[in-house]
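Here's the letter readout for the chains.
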Amino acid sequence: MSTALHPAAGGRYDGLIVGASLATLDAAQGYGEIADAVLAWRDGRIAYAGPRSALGADPGGLADTVIEADGWITPGLVDCHTHLVFAGDRAREFEQRLQGASYEEIARAGGGIVSSVRATRAADEAELLRQSLPRARALLADGATTLEIKSGYGLDFDNERKMLRVARALGASLGVEVRTTYLAAHALPPEYAGRADDYIDAVCAWMPRLHGEGLVDAVDAFCEGIGFSPAQTRRVFEAARALGLPVKLHADQLSDLGGAALAASFEGLSADHVEHTSLDSVRAMAAHGTVAVLLPGAFHVLRETKLPPLDAFREHGVAMAVATDCNPGTSPLLSMRQAMQLSCTHFRLTPEEALRGATVHAARALGLDDRGVLRVGARADFVQWRIGHPSELCYWLGGGLAQRVCAGGRMLVDTAG
């Protein structure tokens, strides 16, 4: 049960929003519904989340900012897997896939990730920020209040550094927290053709330098036949562990190389994609608390048919997060809500599972335990939606449903007029 931080004990609330229903998600199951509610915040944290009646006849007199609202309020959405910083696009490859070319064929012909590397290397830091800002703003406008952003289109020290610096700049510019992930082990750059082990040496050597500049929150790799082997991935993870950095992994997207189990063996925050993950790997994830990050945007764009082992995740208690995988090649997706809808359509998640996947479990996939729920003490990250029930977040295809978006007690979006 939510409790108030009484204003008499600590001064007035910075703000409160009155009248909407809350989906607190502050329980193992259910939306945690509270009708005719008040959500109050102070110093960037939730100070009250509960019924209006518990604050007396005039809760509006308790805060500097008071908002009368309707609809529903949920925790802010957490996009825990994006490649949001890049230059150019790969619309032509989308067309090639529709004409029959496979992802692997495009990659081996010099397209795919390497084509984004060329464009990203050619853009200076200011240009890269200019191109990336609209994508981040689109995610915020549809309810995202925390973003994870990976490097991986630089593939040399200077350009990986440039990407991570731009990711940090996006967070500072927009007023949201951006968690940066070092993904230099994303693809083999042309200058290392035929020398993948030498490139992994370089990836490991760059890591402490970038971490020392405060640019790395976690480390990722692409463990796949067209990426890097489990042995090479292990070397990257060992370098991360030596620095005390958490790991996550692009695992088992196109084949089962045991990537999810490898990530779990390093106490990985998450294994992402996981379409081909085996039951043994599911058990390993459950044993180590590794989150399965579902990326239905890539599944949709690539027209995949192999479903992740969803029933096994449920049976073994593996938390399932949902993310956009926003990237120029396989998931040009700029809406967490659309990712939630696709997870219901393709993966048969329930709307509640999808919402939890985009909040509670997505936060866990970033190692964050201070958001994803409406609870006293949590970050004041929330969204007020123009809906009659939380299931509508996964029901409507498109459209602007977010009326207000607040991150850390600061209103980023307010379309109430």
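Please read these numbers as outputs of a predicted model, since none were measured by experiment. (Residues numbered from 1 in each chain as written. Predicted model: local features only at pLDDT ≥ 70, side-chain atom pairs only at ≥ 80, totals over all residues. Heavy atoms only, no water.)

Student: Which residues make up the overall build of the protein chain, and what values go with them?
Tutor: For the protein chain, the helix and strand inventory stands at 16 helices and 18 strands. Its C-alpha radius of gyration of 21 Å places the protein chain within 12% of the 22 Å reference for a compact globule of 417 residues. Counting only C-alpha atoms, the protein chain reaches 70 × 45 × 45 Å along its principal axes. The buried share of the protein chain, taken over its 417 residues, is 57%. (Helix = DSSP H or I, 4+ residues; strand = E, 2+ residues; numbered from the N terminus. Rg over C-alpha atoms; globule rule 2.2 N^0.38 Å. Buried < 20%, exposed > 50% of the residue type's maximum accessible area, 1.4 Å probe, protein only.)

Student: Residues and numbers for the nonpolar core, please.
Tutor: Counting 83 residues, the largest nonpolar core has Tyr182, Trp206, Val219 and Val236 as its most contacted members. With 8 residues, the single largest contributor to this core is helix H7 (residues 196-212). The residues touching valine 236, leaving out its near neighbours within four places in the chain, are Ala185, Ile200, Val203, Cys204, Met207, Val219 and Asp220. One finds Leu22, Ile67, Ala354 and Val383 within the second-largest nonpolar core, a separate group that totals 38 residues. (Core = buried A, V, L, I, M, F, W, Y, C linked by side-chain atoms within 4.5 Å. Contact = heavy atoms within 4.5 Å.)

Student: Residues and numbers for the pairing of strand S12 (residues 248-251), please.
Tutor: Taking every second residue as pointing to the same face, both faces of S12 are buried, with Lys248 and His250 on one and Leu249 and Ala251 on the other. Note: strand S11 (residues 218-223) against S12, 2 bridges, orientation parallel. Across the sheet, cysteine 223 pairs through a bridge with alanine 251, a residue of S12. Where the polypeptide runs from S11 across helix H8 (residues 230-242) and back to S12, its parallel neighbour, the crossover connection is right-handed. Where S12 and strand S13 (residues 270-273) come together, 4 bridges link them in parallel fashion. (Pairing = 2+ DSSP bridges. Right-handed = clockwise from strand over helix to strand, strands pointing away.)

Student: Requested: an account of the pattern of salt bridges, with residues and values cited.
Tutor: Scanning the model with the defined rule gives 27 salt bridges in all. One salt bridge in this structure joins glutamate 125 and arginine 165, with 3.1 Å as the shortest N-O distance. In this pair, glutamate 125 is assigned in helix H5 (residues 125-141) and arginine 165 in helix H6 (residues 157-174), connecting sequence segments 40 residues apart. Linked by salt bridges that have partners in common, Arg45, Glu177, Arg179, Asp370 and Arg371 make up one network. (Salt bridge = Lys/Arg side-chain N within 4 Å of Asp/Glu carboxyl O.)

Student: Quick rundown of the sheet that holds strand S8 (residues 77-79)? Include the residues and the values.
Tutor: Strand order in the open sheet made by the 8 strands is S8-S9-S10-S11-S12-S13-S14-S15, with parallel pairing throughout. The open sheet has two edge strands with one neighbour each: S8 and strand S15 (320-322). Recorded for the sheet is a direction-independent mean angle of 25° between the axes of neighbouring strands. Pairing between strand S9 (residues 144-150) and strand S10 (residues 177-185): 5 bridges, direction parallel. (Axes fitted to C-alpha atoms, helices over the stretch in contact; angles between N-to-C directions.)

Student: Break down helix H13 (residues 336-347) for me, with residues and values.
Tutor: Between its terminal C-alpha atoms H13 stretches 15 Å, which fits the 16 Å expected from 12 residues at 1.5 Å a residue. Among the 12 residues of H13, 9 are classified as buried, and the element is accordingly described as predominantly covered. Among the residues of H13, Met336, Arg337, Ala339, Met340, Gln341, Leu342, Ser343, Cys344 and Phe347 are the ones counted as buried. For H13, the capping residue at the N-terminal end is serine 335, with a side-chain oxygen 3.3 Å from the backbone nitrogen of arginine 337. Once H13 finishes, arginine 348 follows within two positions and takes phi at roughly 65°, a positive value. (Expected span 1.5 Å × (residues − 1). Polar contact = N/O pair within 3.5 Å; in protein donor to acceptor, adjacent residues only side chain to side chain.)

Student: Before we move on, could you go through H6 and cite the residues and values that matter?
Tutor: Under the 1.5 Å per step criterion, the end-to-end length of H6 is 26 Å for 18 residues, consistent within 8% with the ideal 26 Å. Of all the positions in H6, only Phe157, Asn159, Glu160, Lys162, Met163, Leu164, Val166, Ala167, Leu170, Gly171 and Leu174 are classed as buried. In this structure, the buried residues of H6 make contact with helix H4 (113-122), H5, S9, S10, H7 and strand S18 (410-414).

Student: How would you sum up empty space enclosed by the protein? Please name residues and give values.
Tutor: Enumeration according to the criterion identifies 1 cavity of 30 Å³ or more in this entry. Here the largest cavity defines a volume of roughly 120 Å³. His83, Tyr103, His186, Asn327 and Thr330 are the residues nearest the centre of the largest cavity, which is lined by 13 residues in total. When grouped by side-chain class, the residues that make up the lining of the largest cavity number 4 nonpolar, 7 polar and 2 charged. (1 Å grid on protein atoms, 1.4 Å probe; cavity = no way out; pocket = protein on both sides within 12 Å on 5 of 7 lines; lining within 4 Å. Points joined across faces, edges and corners; volume = space filled by probe spheres on them. Nonpolar A, V, L, I, M, F, W, Y, C, P; charged D, E, K, R; others polar.)

Student: Just give me the short version of the packing of aromatic side chains, but keep the residues and values in it.
Tutor: Evaluated as defined, the whole model comprises 8 aromatic pairs. An angle of 25° between the planes, with centres 6.1 Å apart, marks the rings of tyrosine 199 and phenylalanine 228 as stacked. Pair noted here: tyrosine 199 is in helix H7 and phenylalanine 228 is in the loop between S11 and H8, with a separation of 29 residues, a long-range link. Classification of phenylalanine 228 by relative accessible area gives buried; the value is 1%. Centre to centre, the rings of tyrosine 395 and tryptophan 396 are 4.8 Å apart; their planes meet at 70°, and the pair counts as edge-to-face. The class of tyrosine 395 is exposed, set by a relative accessible area of 55%. Clustering of aromatic rings is evident, with ring pairs tying together Tyr192, Tyr199, Trp206 and Phe228. Above the face of the phenylalanine 157 ring, arginine 209 is positioned so that its terminal group lies 3.8 Å from the ring centre. (Phe/Tyr/Trp six-rings, centres within 6.5 Å; stacked < 30°, edge-to-face > 60°. Lys NZ or Arg CZ within 6 Å of the ring centre and 35° of its normal.)

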